[in-house]
Amino acid sequence: MLDRRWEGGDPGVSNQKTPTTILLTPERKFHSFGYAARDFYHDLDPNESKHWLYFEKFKMKLHTTGNLTMETDLTAANGKKVKALEIFAYALQFFKEQALKELSDQAGSDFENTEVRWVITVPAIWKQPAKQFMRQAAYKAGMATPENPEQLIIALEPEAASIYCRKLRLHQMIDLSSRAPVNGYSPSDTIGTGFTQAKEHVRRNRQSRTFLVENVIGEIWSELEEGDRYIVVDSGGGTVDMTVHQIRLPEGHLKELYKATGGPYGSLGVDYEFEKLLCKIFGEDFIEQFKIKRPAAWVDLMIAFESRKRAAAPDRTNPLNITLPFSFIDYYKKFRGHSVEHALRKSNVDFVKWSSQGMLRMSPDAMNALFKPTIDQIVQHLSDVFDKPEVTNVKFLFLVGGFAESPLLQQALQSAFGSRCRVIIPQDVGLTILKGAVLFGLDPAVIKVRRSPLTYGVGVLNRFVEGKHPPEKLLVKDGTRWCTDVFDKFISADQSVALGETVTRSYTPAKPSQLVIVINIYSSEQDNVSFITESGVKKCGTLRLDLTGTDASVPNRREIKTLMQFGDTEIKAMAIDVATSKSVKVGIDFLNY
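Given the structure is predicted, the values throughout are model-derived calculations rather than measurements.

Caption draft 1: Expanded view of the nonpolar core. Formed by 85 residues in total, the largest nonpolar core has its most connected members in F274, F282, F328, M362, L382 and L397. Residues A76, F88, A124 and A137 belong to the second largest nonpolar core, which totals 42 residues.

Caption draft 2: Just the pattern of salt bridges, in detail. Under the definition given, this model contains 23 salt bridges. A salt bridge links D105 to K101; its shortest N-O distance comes to 3.9 Å. In this pair, D105 and K101 are both assigned in helix α4 (residues 84-107), four residues apart and thus about one turn of the helix distant. Residue classification places D105 among the exposed positions, given a relative accessible area of 53%. In this structure, K572 engages D568 in a salt bridge whose closest nitrogen and oxygen atoms are separated by 2.9 Å. Classification of D568 as partly exposed rests on a relative accessible area of 26%. Connected through shared salt-bridge partners, K57, D271, E306, K309, R310 and E405 make up one network.

Caption draft 3: Main features of the side chain of R451. Structurally, R451 is set in strand β17 (residues 447-451). By relative accessible area, R451 is classed as buried at 18%. For R451, the side chain forms a polar contact with the main-chain oxygen of D494, separated by 2.9 Å. Engagement of the side chain of R451 in a polar contact is seen with the side chain of S496, the distance being 3.2 Å. Excluding residues within four positions of it along the chain, R451 makes contact with E256, L257, Y258, K259, D494, Q495 and S496.

Caption draft 4: Region of interest: unusual backbone geometry. Of note, the phi angle at R28 is positive, near 70°, even though the residue is not glycine. What makes R28 partly exposed here is its relative accessible area of 33%. Even without being glycine, D494 reaches a positive phi, approximately 80°. With respect to the element layout, D494 can be found in the loop between β20 (480-491) and β21 (496-498).

Quick notes on the rules
- Residues numbered from 1 in each chain as written.
- Predicted model: local features only at pLDDT ≥ 70, side-chain atom pairs only at ≥ 80, totals over all residues.
- Heavy atoms only, no water.
- Core = buried A, V, L, I, M, F, W, Y, C linked by side-chain atoms within 4.5 Å.
- Buried < 20%, exposed > 50% of the residue type's maximum accessible area, 1.4 Å probe, protein only.
- Salt bridge = Lys/Arg side-chain N within 4 Å of Asp/Glu carboxyl O.
- Helix = DSSP H or I, 4+ residues; strand = E, 2+ residues; numbered from the N terminus.
- Polar contact = N/O pair within 3.5 Å; in protein donor to acceptor, adjacent residues only side chain to side chain.
- Contact = heavy atoms within 4.5 Å.

It is worth stressing that arrangement in space is one thing and function is another; only the former is reported here.
Here it is in structure tokens:
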């Protein structure tokens, strides 16, 4: 996520997040990112543009790809495929160069990459492979190296938002729960005393959406006591992420009460509904063809929709006009033999009309209907979270992320949850995560306890116990009876794990000469798992102990003690050869196994 000052873009969107868009030349070299990529691609001659590789909204691909590997491809607008790792590395390298240039300009001397600690934020619901993929892409982009992994921290987006929210002062927030019947906001008495000036300010300035309380010292934090709980809902383009935190004093450390959850309910869902609407009016066959044959015009249409999407509001009464690109109107006539206007009349989609100026006129109801499925999913998901026993007595709901700017989403959350807690939106809501990520980079230990999203373990052989173990798992080896496929659990789904807490296991090579031990790691969403063959248990990675370079003249029963950490944003491992106390090279891999 980047501030857009360094990119000439449309005025009025200066604080909006740069779109996740990248353009490669026909030779597959990096050309541009964000608005610059979008504008350049758009201005290319159509015959030339089909040779260029344009990718948009590619970050979501890491979440939706089930079996992500280093080889996973992304498809450009012209249908050509490029390795996802390359695209992400290009994007990160671009950010790296922009940031170093900015730092060098401000410092007046050259800033080296080695002097920077990088923080990359990812949605909390991303699985381990996606986080590891991001790390590999960052290594490829030269941000850090496998030899110096600490130079890069992976931060979880709603956690970053949470860290920032607890630093907020009252004048940096909009409190939805105290909305006055008139438009604008008026603080109600629930917020405490000392607001006389603020009330006066709001009375004088009814149009203002925020109340500025410069004279009230202290932060929202001063209202929270030890043990108080709050929920952060981070709604972006692709995903909506939630995390529930509890404060632990004196330092105000955070404890995660309920594992970060969410789903692909970001604002892209609204774009998808718009696309479905277009398919309904003009036919799916036409829309598919149009996207392939006129990719730049399709991008234009989505940009036109994007700006109208931001104008959707619960109390809007006048229609929203969406300009159809000329090539859409033209291509439709060639494709179907009749006009766009005819299609609209015939389509019996009531709320969308054709205006003589060559635009789609959508009634506010029609626009709001495009938001409904996505917003309903968010409200439903949050209701489920609120019903969990760990999530009682939540004081605040902080709504952050780009989609949080939508008045429709704000109103839906306020009416659904306003009676349970105060719904609060930081003022520069789109930058909350960016600012929180910086705070996290300065002190990664601020979140002391997390919840594991999955149960992790390995498959082992145990001594066979009659009556306890199923007979089909019996294996007799050199006269000893073993039970196979036993799931040796490291950590359970939903278990609280403190930062720095480790799970220890000892492994012995089967043969004294063995130089590499590879252990399969399995995961499950269930917390009580007995065997790796049960349904829902998946192999998800490998633990690799490299014994080369350790002293092999040690007694033949060598014991390798392995420590794994699950309390951080990424799973880490270290290992020691017990006989010599030397450390053993260890790798934990969720991507290439």
